[in-house]
Amino acid sequence: MAAKLVLEPIFEADFLPCSHGFRPKRGTLMALETLRKLGAKGGHHVLDADIRDYFGSIDHEKLMLLVAKRVSDRRVLKLLRQWLTAGVMEDGEVRANLAGTPQGGVISPLLSNIYLHVLDTLWMRHSAPLGELVRYADDFVVMCKTKAQCEEAERRIRVILERLGLELHPEKTRRVNLYDGKEGFDFLGCHLHKRLSGAIWERERRRLYYLHRWPSPRSMRRLRQKVRELTPGWRCHADLREVIDDLNPVLRGWGNYFRTGNADRRFNQADTYVWSRLRALRVRRKGRHLRAGEVDRWSRDYFHDLGLHRLRGTVKYPEPAQSREPERPPVSRVREIRTHGLKGGLDSLSRQPAREE
């Protein structure tokens, strides 16, 4: 941990804005918001990339050369090399690491960012016009405007990774066409898909698509699995408030991560699943003594009154996305120019936005 605190500021000064993973004041939300805004400005094609066995394929010599460009202390370099080559004990036997970084180590995310900083630098230097690179550790996508740009982006990514001794996974890497909501992709636990703006269609009869996101099917399965583990049949005789106290941290943490997207429907599905599990515990506890109509009393509100966390109604976007099409000037601007004169009207427009009447 001490080595990380010393090394991180040194390399943080070099890292580029396209890297979001395991960095101070950056995270998954910033990466997802970047993609959402790019999708509203004409990003219709995505290279959804996956590096094959990244943490186990990092070349130690190349990594140490990259570190040595910014760190000259031989003691620190020796310590890093010892960490990289430290063996792992499996079934009582020590296995040496010839490549890769130790997963789970405190300094491993920093070392992985240092290694892929080469990708960020070469992309921004030579390939930025093709599309926007958004990377979170070893998970990254490139959002482009055309299919040809997306194909060329994949070719250049493969060339850069080959120089690093890495390769894209042939089955998990794919090109996605987002245009008119044809396809979607999963990134950082979310499924991203373009959806038609119903409000704009009703008001202006224009087909304008925005990039929405919600929990991916895998994230939904993980939540249901966790809920099942906390609500087994044998807990039917436990105090229901204790079961709810165990569920609430899981629901609250999961909801806080996904509430900045279009997750209303998935949140409602999650609430329904949790409610059905708790109701099943009540039914099992009653057994053959269950009376007719008693199940109806165990509604959603019944469990929420006992303190169960509600996911539904907690979704909120950090900020609105702007369309690539400029808005038409409001009528009030013309009225303001007439009132204050040409010079006064233009000055006031540059200082503050016009008021809608």
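This text gives an overview of the structure that appears in the document. Owing to the predicted nature of the structure, the values given are computational and were not obtained by experimental measurement. Residue numbers here run from 1 along each chain, matching the order of that chain's written sequence. Only residues with pLDDT of at least 70 get local features here, since the model is predicted, and only at 80 or more are side-chain atom pairs given and counted; chain-wide, interface and lining totals rely on the full set of residues. Side-chain metrics in this entry use all non-hydrogen atoms of the structure; hydrogen atoms and water are not considered.

### Some details on the pattern of salt bridges
- One speaks of a salt bridge when a side-chain nitrogen belonging to Lys or Arg is within 4 Å of a carboxyl oxygen belonging to Asp or Glu. Tallying each qualifying case throughout the model produces 20 salt bridges.
- Glu154 is the partner of Arg175 in a salt bridge, and the nearest nitrogen-oxygen pair spans 2.4 Å. Pair noted here: Arg175 is in strand E6 (residues 174-177) and Glu154 is in helix H6 (residues 147-163), with a separation of 21 residues, a long-range link.
- Residue classification places Glu154 among the buried residues on the basis of a relative accessible area of 11%.
- Arg297 is the salt-bridge partner of Glu294, the closest N and O atoms lying 3.7 Å from each other.
- Only protein chains enter the accessibility calculation, which uses a 1.4 Å probe; a residue is then buried when its area is under 20% of its type maximum, exposed when over 50%, and partly exposed in between. The class of Glu294 is buried, set by a relative accessible area of 7%.
- Overall, Arg297 belongs to the partly exposed group, its relative accessible area being 45%. Comment: elements are numbered from the N terminus, with helices defined as DSSP H or I runs of at least four residues and strands as E runs of at least two.

### Section: helix H8 (residues 217-230)
- Counted at 1.5 Å a residue, the expected span for H8 with its 14 residues is 20 Å, and the 20 Å between its end C-alpha atoms agrees.
- Taken as a whole, H8 has its buried residues at Ser219, Met220, Leu223, Val227 and Leu230. Viewed along the axis of H8, the buried residues span an arc of 100 degrees, placing them on a single side of the element. With respect to the buried face of H8, the exposed residues turned more than 90 degrees away are Arg218 and Arg222.
- Where H8 is buried, its residues touch strand E9 (209-215), helix H9 (240-258) and helix H10 (264-286). Given the number of residues in a helix, its expected span is that number minus one, multiplied by 1.5 Å. Read the arc as the range of directions from the helix axis to the C-beta atoms. Note on contacts: a residue pair qualifies if any of its non-hydrogen atoms lie within 4.5 Å across the two residues.

### Quick word on unusual backbone geometry
- A positive phi angle, near 60 degrees, is found at Lys25, a position not held by glycine.
- Structurally, Lys25 is set in the loop between helix H1 (2-12) and helix H2 (28-39).
- Although it is not a glycine, Ala137 adopts a positive phi angle of roughly 60 degrees.
- Following the sequence through the fold, Ala137 ends up in the loop between strand E4 (132-136) and strand E5 (139-144).
- With relative accessibility at 4%, the residue Ala137 sits in the buried group.

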